[in-house]
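Chain by chain, the residues:
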Amino acid sequence: MKRKFSHTRLIAMGYISIIIIGTILLMLPIASKSGESAGFVTALFTAVSTSCVTGLVVVDTATNWTLFGQIVIITLIQIGGLGFMTIATMFSIFLKRKMGLRAREVMVESINTEHIGSIMNLTKKIVAGTAIFEGIGAVLLATRFIPEFGWAKGIWYSVFHSVSAFCNAGFDLMGIKEKYTSLVPFADDAVVILTISFLIIIGGIGFLVWDDVSKKKLKFKYYQLHTKIVLTVTAILLAVPTVLFLIFERDFTNEGLGIGQSILNSIFDSVTARTAGFNSTDTAALAPASKILTVFLMFIGGSPGSTAGGIKTTTLAVIAMSTFNGITHRQSQGIFGRRLEKDAIHKASSVVFTNMSLAIIGIIAILAIQPSLDIGDIIFECVSAIGTVGMTTGITRDLATASRLIIAFLMFCGRVGSVSFALALMEKKAAPPVKNPREKITIG
């Protein structure tokens, strides 16, 4: 009997295939500036980080990889950001091939939508929107990078960073100034910082929100509940942390800076912590309170059906609302005048518990392997990996081979799990003919 893989397994196998191809290409001597193979673990780690749009690196992207290697990296980022099923669907459209029901179902699950009938039109919007936003970002960045690096390198850098930012990947080529420096050299450049921030936010709110806003324009009251929740939570998670970073960092990374530069740093710290992976200040030098806040933001991440990772903004909203209703003894799980489906809280709880459990397992495992590392740095690293963020306090390249493989596994789980693992846990199965007796237990 022919075995039929579930949609979740097909999605996971798709990402594994991309990672394998990326690893093989990055192991080629032509991909490394040394002229020698980068090695299996380095190539694998980089392939996982790129295809899972994370941004953690064990070697500097600009100084270690050739143009060929950098093209492989940005291609993996683009595929990982859009999702391989989106790419496959676009090929079907270009080749004018009909897409079967099963392929449509996998596509629907990969971007977390329920409208299977309009999936082809939505895919076209996703690809067109991606091209437009990345193009605008590249043009704006080019106004700064071409004068800095020249025409050829300036255009390439503009395209690379625009794609990396929109896909929330966090890979950069600024190592030519100083290794692992990210966007610190441009910390005072409002055009670069705000353009990257804009791309990160747009890529992180999700394709479903794009579709809804494009149809209903700026009429908020007519938006779908999903769109209202995403936009509201996103606004809160941008505004409140910006103020907190401004307060926490006044005697740390913002010390001695003017109010304008401090605000710009705080805005970027707030934006990039939610799965982007870039940094305009030294992450290791952040105030302790800022590091905790960053871990919280990394764990939350972006929104469903986007290029971002984390537990997602809608999950946070459902958990927060359920907790509030429990405290106030309200029975209705409602928001914006709408009642949520019954299993929403169960799905949200599954996502939070799964991501938290994987992060804790990774933390314990790395501590067991390398007890000399600071526990705070390991917590930061593991949450960054499971949230596919890419921010680090600088310990990534100090990790042992086994620890690197653990981080790679967390990145993979964060990308595939954020998209479909929680749904797999909630797959509907036939109800058993006999149910176990019910009994109350004490909670809290």
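Just so we're clear, the structure is a prediction, and the values are computed from it rather than from any experiment.

A.B. asks: Looking at this structure, how should I read the overall build of the protein chain?
C.D. replies: Check the secondary structure of the protein chain and you find 17 helices and two strands. Counting across all 444 residues of the protein chain, residues that qualify as buried make up 54%. For the protein chain, contacts bridging at least 24 residues in sequence account for 71% of all contacts bridging at least 6. A total of about 21000 Å² of accessible surface is found on the protein chain, and carbon and sulfur atoms cover 66% of it.

A.B. asks: So what exactly am I meant to see when it comes to the layout of surface pockets here?
C.D. replies: Taking a probe equal in size to a water molecule and rolling it over the atoms shows the remaining empty space. Size it by volume and the second largest pocket reaches roughly 490 Å³. Along the wall of the second largest pocket there are 29 residues; nearest its centre are Y180, T181, S182, N279 and T392. Across the lining of the second largest pocket, the residue classes tally to nine nonpolar, 14 polar and six charged.

A.B. asks: Would you mind going over the packing of helix 9 (residues 190-205) against helix 12 (residues 259-272) with me for this structure?
C.D. replies: For any two helices packed against each other, the geometry comes down to the angle between their axes and how far apart the axes lie. Relative to each other, helix 9 and helix 12 sit at 25°, their axes nearing to 10 Å. By the criterion of interaxial angle, the relationship of helix 9 to helix 12 is roughly parallel. Here the hand of the crossing between helix 9 and helix 12 comes out left-handed. Along its contact with helix 9, which presents A190, I193, L194, I196, S197, I200 and I201, the element helix 12 presents L264, F268 and V271. Across the contact of helix 9 with helix 12, the residue classes break down as nine nonpolar, one polar and no charged.

A.B. asks: So what exactly am I meant to see when it comes to the state of the cysteines here?
C.D. replies: One way to say it: the disulfide is the covalent bond shared by the sulfur atoms of two cysteines. This structure, assessed with the given rule, holds zero disulfides. Note on C52: no disulfide assigned, nearest cysteine sulfur contributed by C413 at a separation of 9.0 Å.

A.B. asks: It is not clear to me how the nonpolar core should be interpreted in this structure. Could you clarify?
C.D. replies: Note that soluble globular proteins tend to have their nonpolar side chains buried in a common cluster. Membership of the largest hydrophobic core comes to 80 residues, with the highest contact counts inside it found for I77, I196 and I407. Looking at this core element by element, the count peaks at eight residues for helix 17 (residues 401-425). Those residues in contact with I77, other than ones at most four positions away along the chain, are T50, V53, V163, S164, C167, A169 and F171. Within the second largest apolar cluster, 19 residues are counted, among which are L237, F245, V295 and F299.

A.B. asks: For this particular structure, what's the right way to read the pattern of salt bridges?
C.D. replies: Applying the stated rule across the entire model yields six salt bridges. Between K177 and E148 there is a salt bridge, and its shortest N-O distance comes to 2.6 Å. Here K177 is found in the loop between helix 8 (151-166) and helix 9, whereas its partner E148 is found in helix 7 (residues 119-149), with 29 residues between them in sequence. Note that K347 is salt-bridged to D343, the shortest N-O span being 3.7 Å. If you follow the salt bridges from partner to partner, you end up with K125, D211 and K215 in one network.

A.B. asks: Explain the packing of aromatic side chains here, please?
C.D. replies: Aromatic rings considered in pairs are described by the distance between their centres and by the relative angle of their planes. For the coordinates displayed, the defined rule picks out ten aromatic pairs. Plain terms: the ring middles of F133 and F198 are 6.1 Å apart, the flat faces sit at 65° to each other, and that makes the pair edge-to-face. Of this pair, F133 sits in helix 7 while F198 sits in helix 9, and the two are 65 residues apart along the sequence. What makes F198 partly exposed here is its relative accessible area of 35%. Relative to Y157, the ring of F149 has its centre 4.9 Å away and its plane inclined at 50°; by these criteria the two rings are tilted. Of the two residues examined, F149 and Y157, each falls in the buried class. Against the face of Y180 rests R397, its NZ or CZ located 3.8 Å from the ring centre.

A.B. asks: Would you mind going over unusual backbone geometry with me for this structure?
C.D. replies: Where the residue is not glycine, phi is negative for most of them; where a peptide bond is considered, it is trans in most cases. Even without a glycine there, the phi angle at V53 is positive, about 40°. Structurally, the position occupied by V53 is in the loop between helix 2 (40-51) and helix 3 (61-64). A positive phi is found at N168, a non-glycine position, where the angle reads about 60°. Turning to its location among the elements, N168 is positioned in the loop between helix 8 and helix 9. A residue is classified by how much of its surface remains accessible, and N168, at 1% relative accessible area, is buried.

A.B. asks: I tried to follow empty space enclosed by the protein on my own but got confused; where do I start?
C.D. replies: If you walk through the whole model with that rule in mind, you get three cavities of 30 Å³ or more. Within this model, the second largest cavity holds a volume of roughly 60 Å³. Top contributing element to the lining of the second largest cavity by residue count: helix 9, with four residues. The residue makeup of the lining of the second largest cavity, split by class, is four nonpolar, four polar and one charged.

A.B. asks: Quick question: what am I supposed to make of the packing of helix 4 (residues 67-82) against helix 8 here?
C.D. replies: The geometry of helix 4 relative to helix 8 is characterised by a closest axis approach of 9 Å and an angle of 30° between their N-to-C directions. As summarised for this structure, helix 4 and helix 8 are arranged roughly parallel, according to the angle between their axes. For helix 4 against helix 8, the interelement crossing comes out left-handed. The residues of helix 8 that touch helix 4, namely those facing L67, Q70, I71, I73, I74, I77 and Q78, are W156, F160, V163 and S164. Along the lines of polarity and charge, the residues of the contact of helix 4 with helix 8 split into eight nonpolar, three polar and no charged.

Definitions and limits used
Residues numbered from 1 in each chain as written. Predicted model: local features only at pLDDT ≥ 70, side-chain atom pairs only at ≥ 80, totals over all residues. Heavy atoms only, no water. Helix = DSSP H or I, 4+ residues; strand = E, 2+ residues; numbered from the N terminus. Buried < 20%, exposed > 50% of the residue type's maximum accessible area, 1.4 Å probe, protein only. Contact = heavy atoms within 4.5 Å. Areas by Shrake-Rupley, 256 points an atom, 1.4 Å probe, with all protein chains shown as cover. 1 Å grid on protein atoms, 1.4 Å probe; cavity = no way out; pocket = protein on both sides within 12 Å on 5 of 7 lines; lining within 4 Å. Points joined across faces, edges and corners; volume = space filled by probe spheres on them. Nonpolar A, V, L, I, M, F, W, Y, C, P; charged D, E, K, R; others polar. Axes fitted to C-alpha atoms, helices over the stretch in contact; angles between N-to-C directions. Parallel < 35°, antiparallel > 145°, perpendicular 65-115°, else oblique. Left-handed = near helix turned anticlockwise from the far one by under 90°. Disulfide = S-S within 2.5 Å. Core = buried A, V, L, I, M, F, W, Y, C linked by side-chain atoms within 4.5 Å. Salt bridge = Lys/Arg side-chain N within 4 Å of Asp/Glu carboxyl O. Phe/Tyr/Trp six-rings, centres within 6.5 Å; stacked < 30°, edge-to-face > 60°. Lys NZ or Arg CZ within 6 Å of the ring centre and 35° of its normal.

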